[in-house]
Amino acid sequence: VTDEFFLQGDVEREFEMEVTPMCDRATQSRVALQTGFIKMVCTSLYESMAEVYPQAFRAPLLQMKANALLWEEITDDQLSLER
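The structure displayed is predicted, hence computed values, not measured ones.

The rules we used
Residues numbered from 1 in each chain as written. Predicted model: local features only at pLDDT ≥ 70, side-chain atom pairs only at ≥ 80, totals over all residues. Heavy atoms only, no water. Helix = DSSP H or I, 4+ residues; strand = E, 2+ residues; numbered from the N terminus. Buried < 20%, exposed > 50% of the residue type's maximum accessible area, 1.4 Å probe, protein only. Expected span 1.5 Å × (residues − 1). Bend = angle between axes of the 7 residues up to and from the residue. Polar contact = N/O pair within 3.5 Å; in protein donor to acceptor, adjacent residues only side chain to side chain. Salt bridge = Lys/Arg side-chain N within 4 Å of Asp/Glu carboxyl O. Patch = residues over 30% accessible without salt bridge, like charges linked within 9 Å, V, L, I, M, F, W, Y side chains within 5 Å. Areas by Shrake-Rupley, 256 points an atom, 1.4 Å probe, with all protein chains shown as cover. Core = buried A, V, L, I, M, F, W, Y, C linked by side-chain atoms within 4.5 Å. Contact = heavy atoms within 4.5 Å.

Caption draft 1: Up close: the environment of Glu14. Structurally, Glu14 can be placed in helix 1 (residues 2-14). We classify Glu14 as exposed; its relative accessible area is 61%. In this structure, the C-alpha to C-alpha distance between Glu14 and Glu73, residues 59 residues apart in sequence, is 34 Å.

Caption draft 2: Looking closely at helix 2 (residues 30-52). Here helix 2 is 23 residues long and its end C-alpha atoms lie 32 Å apart, about the 33 Å a rise of 1.5 Å per residue gives. At Cys42, helix 2 shows its strongest bend, of approximately 40 degrees. Looking at where helix 2 begins, the residue whose side-chain oxygen comes 3.3 Å from the main-chain nitrogen of Val31 is Ser29.

Caption draft 3: Geometry of the side chain of Thr2. Checked against the element boundaries, Thr2 lands in helix 1. Reaching out from Thr2, the side chain makes a polar contact with the side chain of Arg30 at a distance of 2.8 Å.

Caption draft 4: Up close: the pattern of salt bridges. For the structure on display, the rule yields 3 salt bridges. Between Asp3 and Arg30 there is a salt bridge; the shortest N-O distance is 2.7 Å. Placement of Asp3 in helix 1 and of Arg30 in helix 2 is noted, with a sequence separation of 27 residues between them. Classification of Asp3 by relative accessible area gives partly exposed; the value is 33%. A salt bridge links Arg25 to Asp10, with the nearest nitrogen and oxygen atoms 2.8 Å apart. Of this pair, Arg25 sits in the loop between helix 1 and helix 2 while Asp10 sits in helix 1, placing them 15 residues apart in sequence. With a relative accessible area of 38%, Arg25 lands in the partly exposed category.

Caption draft 5: Here's a closer look at a nonpolar patch on the surface. A cluster of nonpolar residues, Val11, Phe15 and Met17, forms a patch on the protein surface that exposes about 310 Å² of accessible area. Examined against the element boundaries, Phe15 turns out to sit in the loop between helix 1 and helix 2.

Caption draft 6: Local environment of the nonpolar core. Counting residues in each nonpolar core, the largest one holds 6 residues, listed as Ile38, Cys42, Ala50, Leu61, Met64 and Ala68. For this core, the secondary-structure elements that each account for two or more residues are helix 2 and helix 3 (54-72). Beyond its immediate stretch of four places on either side in the chain, Ala50 contacts Phe57 and Leu61.

The following block contains the structure:
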């Protein structure tokens, strides 16, 4: 998803438009975007769903939390090496 965001920012820059902050590869971090999305969107959604549907969302909630921990340990430089 961040690739799409950054491509959008590139197009905005090319057409001399104001670059959407989260689409600016010069100022944004892929890791920060991902961890922010997990914290702001996924955590509250999965926790709410786990309250309503505990059996169905227990495993996804645990996996999301494990993913969040992994993202906190990685850097943008490490992501670049994996490409």
